[in-house]
Amino acid sequence: MSGLALTLLLRFPGNFLVWPPYLMDLDVYRAVADRLLHGDALRLYDPTTSELMPFKYAPCWALLWMPLAWLSSHATAVVWATLTVLWLILACWGSLRLCQRAGLGTPPWVSAAVVSVLVRSITAEFLNGQVDLLWALLVIGFFVWHHSATRPWLAAGSLAFAIALKLPALIVLAYLVVRRHWHTVARVLALLLATNLGTSFLLAPAHPFVLFARWLHVLQSSGVSRAFEIGNQTLFSLIARFFSADAYRLNLLDLSTPAVFLIGFLVFTLLFWLIVRSPRPQPHRCAQWLWDGALLTTLMVLCSPTAWVATYSALLLPVVVAIAAIATYPRLVWRDVPSRILMALAVMLSVMTHSSFWKALGIRYLRGESYVFLVLMILPFFALMLFSLLLRQRALLAREVWSSARTPSA
């Protein structure tokens, strides 16, 4: 892990020290921080660097990022990249710890393998100054602390801040409702409302609810307006690419936008049902939460209204779990034909996110776009393969563990 951290520190913050980068999303956070510093909180959700770049997170995050306004653009880039390395390392550590608690082995090379699989998305995360690794860390933190009976409020706080950062983390809250973890649900909602209402009163005491209304409006308007852009790699944009007419002419049908969203909602409902419908109760409670947590994280990314290349870096936990299961039960997983096929497809799709793959095939452009993998929706297909692989592994390991538990010892 230390070698991975050193490599990332040299590759990004170290590199940024010498060559000041342009981090598109980080400029949005700095613009918002500057508004708060000058007492202009009511303009928190106005466009920043362009009409397409508003601030889209809950008010509490604007307050937390206020110190960015005190630094120069160059210093902010270096500090932010360093924090991103920290979030990545902590997310890997938390994922590995969850695997160990659930009885999965975690060889030293797992973290490096995970970064290799997600390297295209992780690179985009660093080069745009985004917050998807922080989002992943907060969700992983919830699952880590949720297993500790003495830290229920830490778990609830981690999930509340994850939801405040990006609303698709509500999928985890929906799972808690289905599982009837009412105390946890109440804590999460209480902290979510308390932190953001408190921040709104602090930033705009005369109009605290205006910030809430504008936040929700920005989320709704940006999600709808950018739902089917080429860079948006969600389940809904995947369905639209192949089942409604667009400039790329890859569609098999020509469905309307409402029909696309209806199909997407039905697919989401099916995938969520597959998560909560466990093949059988796991004998180890932590194992149940590990597998369901990995599946929920995959669904959270795949079904976000807007998911860009960097958003897929939040798949750290599910990729760690999939690799740890292979490393722990190699014979069980490799003997299973569906598992082998899904693993091969996932690796192949990961490779296909690199422009060098397409250049090697002599393909550089498709309808004027240099990123062919965005047109072909490779990232959503990768997430679907990962989700299917995790489902298959969960079923195989549940059967194996129960079979071993029923076998009388010699």
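Quick note: structure is the one above.
First, a word on what this report is: a plain description of the structure on this page.

**A word on the nonpolar core**
No. 1: In terms of nonpolar packing, the biggest core is built from 142 residues, with Tyr29, Phe55, Trp61, Trp65, Phe143, Leu165 and Val321 touching the most fellow members.
No. 2: Looking at this core, the element that brings in the most residues is helix H5 (residues 73-101), giving 13 residues.
No. 3: When residues no more than four places from it in sequence are discounted, the contact partners of Phe143 are Leu98, Val172, Trp289, Gly293, Leu296, Thr297 and Leu317.

**Description of the pattern of salt bridges**
No. 1: As enumerated under the stated definition, the model contains six salt bridges in all.
No. 2: Among the salt bridges present, the one from Asp46 reaches Arg43, with a minimum N-O distance of 3.4 Å.
No. 3: A residue is classified by how much of its surface remains accessible, and Asp46, at 29% relative accessible area, is partly exposed.
No. 4: Between Asp292 and Arg179 there is a salt bridge; the shortest N-O distance is 3.3 Å. Taken together, the residues span a long stretch of sequence, with Asp292 in helix H15 (residues 285-302) and Arg179 in the loop between helix H10 (170-178) and helix H11 (182-203) at a distance of 113 residues.
No. 5: With relative accessibility at 29%, the residue Arg179 sits in the partly exposed group.
No. 6: Within the structure, one salt-bridge network assembled from shared partners comprises Asp40, Arg43 and Asp46.

**Considerations on a nonpolar patch on the surface**
No. 1: Nonpolar side chains collect at one region of the surface, where Met1, Leu37, Trp70, Leu71, Val79, Leu83, Leu86, Leu90 and Trp93 lie side by side and expose about 810 Å² of accessible area between them.
No. 2: Among the elements that take part in the nonpolar patch, H5 stands out by supplying five residues, more than any other.
No. 3: Residue position: Leu71 is located in the loop between helix H4 (59-64) and H5.
No. 4: Note on Leu71: relative accessible area 33%, which makes it partly exposed.

What counts and how
- Residues numbered from 1 in each chain as written.
- Predicted model: local features only at pLDDT ≥ 70, side-chain atom pairs only at ≥ 80, totals over all residues.
- Heavy atoms only, no water.
- Core = buried A, V, L, I, M, F, W, Y, C linked by side-chain atoms within 4.5 Å.
- Buried < 20%, exposed > 50% of the residue type's maximum accessible area, 1.4 Å probe, protein only.
- Helix = DSSP H or I, 4+ residues; strand = E, 2+ residues; numbered from the N terminus.
- Contact = heavy atoms within 4.5 Å.
- Salt bridge = Lys/Arg side-chain N within 4 Å of Asp/Glu carboxyl O.
- Patch = residues over 30% accessible without salt bridge, like charges linked within 9 Å, V, L, I, M, F, W, Y side chains within 5 Å.
- Areas by Shrake-Rupley, 256 points an atom, 1.4 Å probe, with all protein chains shown as cover.

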